[in-house]
Protein chains: 2
Amino acid sequence: MEERVEVSILLDLYGELLTDNQKAIMNLYYNEDFSLSEISEINNTSRQAIHDTIKRCYKQLVSYEDRLNLLGKNIKLEETKQKLEHEIAKIEDEIRDSSIKDRLEVIKKILMEEISI
Amino acid sequence: MEERVEVSILLDLYGELLTDNQKAIMNLYYNEDFSLSEISEINNTSRQAIHDTIKRCYKQLVSYEDRLNLLGKNIKLEETKQKLEHEIAKIEDEIRDSSIKDRLEVIKKILMEEISI
């Protein structure tokens, strides 16, 4: 996974464990594509201070993932959902009864919309 | 949910964010039912120190749950799994074809064994 994408997902998963200010800086850098200089102007501090904050927060996010593995579990859950959809598709291929087809649609909708971490 | 049960689950979810020593003390108190005096003897410290550690760790676990809501999401995920099983049971009631029944069993097995946080 590309680092920017990975950090953006880790921010979704663990951002609440950072301070509001740390979260805002990480969001500007990884999601809004602001430069270090732009973020340092907004925060009225040095480019170096922002660089250090980003480096420290990045390490913290990786450490949370090492310990809680929520990103890893999310990837596994997505794989399991795909496996279930594949099994449902096999049943759909075999049946003609439209009321059962409707029930399978309900199951697929619940799977897609309600199962996530 | 009873406090002891709730803390035990929070320990499963967030224990890795505590230090090894904090985790060991919380485990003895909430899972192994040791008394404060017994834990203080094992740790070669005062009963009061153990009491303070447990109180501080308890607050930390609750604070993690407030921010990440993993217990809340786990409860919701269990409800969704039950809803899916209920939908599958309705299909099982309507079909006779044993190959489709077998496919539904596969789906139920994946749901039970592979979907969790």
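Summarised in this report is the structure supplied together with it. (Residues numbered from 1 in each chain as written. Chains lettered and ligands numbered in written order. Predicted model: local features only at pLDDT ≥ 70, side-chain atom pairs only at ≥ 80, totals over all residues. Heavy atoms only, no water.)

### Focus on the overall build of chain A
Item 1. Helix and strand counts for chain A come out as six helices and zero strands.
Item 2. The helix and strand sequence of chain A, counted from the amino end, reads α-α-α-α-α-α.
Item 3. Here chain A has a C-alpha radius of gyration of 21 Å; the compact-globule value for 117 residues is 13 Å, and the former is much larger.
Item 4. In chain A, the share of contacts with a sequence separation of at least 24, taken over all contacts with a separation of at least 6, comes to 56%.
Item 5. Carbon together with sulfur atoms contributes 46% to the accessible area of chain A, which is approximately 6700 Å² in total.
Item 6. Charge separation in chain A, taken as the distance between the mean sites of 17 positive and 25 negative side-chain charges, equals 4 Å. (Helix = DSSP H or I, 4+ residues; strand = E, 2+ residues; numbered from the N terminus. Rg over C-alpha atoms; globule rule 2.2 N^0.38 Å. Contact = heavy atoms within 4.5 Å. Areas by Shrake-Rupley, 256 points an atom, 1.4 Å probe, with all protein chains shown as cover. Lys, Arg positive; Asp, Glu negative; His and termini not counted. Charge placed at Lys NZ, Arg CZ, Asp CG, Glu CD.)

### What to know about a nonpolar patch on the surface
All names here are of chain A.
Item 1. On the surface, a cluster of nonpolar side chains totalling about 270 Å² of accessible area is made up of Met-1, Val-5 and Ile-75.
Item 2. Here Met-1 shows up in the segment before helix 1 (3-14).
Item 3. Note on Met-1: relative accessible area 60%, which makes it exposed. (Patch = residues over 30% accessible without salt bridge, like charges linked within 9 Å, V, L, I, M, F, W, Y side chains within 5 Å. Salt bridge = Lys/Arg side-chain N within 4 Å of Asp/Glu carboxyl O. Buried < 20%, exposed > 50% of the residue type's maximum accessible area, 1.4 Å probe, protein only.)

### Points about the relation of the copies chain A and chain B
Item 1. Overlaying chain A with chain B gives an RMSD of 0.0 Å, the required rotation being 180° about an axis along which the chain moves by 0.0 Å. The operation mapping one copy onto its partner corresponds to a two-fold rotation axis. Across chain A, the smallest distance between a C-alpha and the rotation axis is recorded for A:Ile117, namely 3.3 Å.
Item 2. When you check the interface residues of chain A against chain B, 100% turn up at the interface there too, and the contact is symmetric in its surfaces. (Least-squares fit on C-alpha atoms with pLDDT ≥ 70 in both.)

### Some points on the environment of A:Tyr29
All names here are of chain A.
Item 1. Within the secondary structure layout, Tyr-29 lies in helix 2 (residues 20-30).
Item 2. C-alpha separation for the pair Tyr-29 and Leu-10, spaced 19 residues apart in sequence, amounts to 14 Å.
Item 3. When sequence neighbours within four positions are dropped, the list of residues in contact with Tyr-29 reads Arg-4, Phe-34, Leu-36, Ile-39 and Ile-54.

### Considering the interface of chain A and chain B
Item 1. Between chain A and chain B, the residue contacts involve 31 residues of the former and 31 residues of the latter.
Item 2. Counting each side, the surface lost to burial between chain A and chain B is near 3100 Å², with a carbon and sulfur contribution of 71%.
Item 3. The tally of links between chain A and chain B comes to four salt bridges.
Item 4. A salt bridge links B:Glu114 to A:Lys83, with the shortest nitrogen-to-oxygen separation between them at 2.9 Å.
Item 5. Linking chain A with chain B are six residue pairs in polar contact (both at pLDDT 80 or more), by the criterion used here.
Item 6. The set of elements that each furnish at least two residues to the side of chain A that touches chain B consists of helix 1, helix 4 (47-68), helix 5 (70-94) and helix 6 (98-114) of chain A.
Item 7. Ranked by the residues each element gives to the side of chain A that touches chain B, the list is headed by helix 5 of chain A, at 12 residues.
Item 8. Looking at the side of chain A that touches chain B, its residues break down into 19 nonpolar, two polar and 10 charged. (Buried area = accessible area lost by both parts, 1.4 Å probe. Polar contact = N/O pair within 3.5 Å; in protein donor to acceptor, adjacent residues only side chain to side chain. Nonpolar A, V, L, I, M, F, W, Y, C, P; charged D, E, K, R; others polar.)

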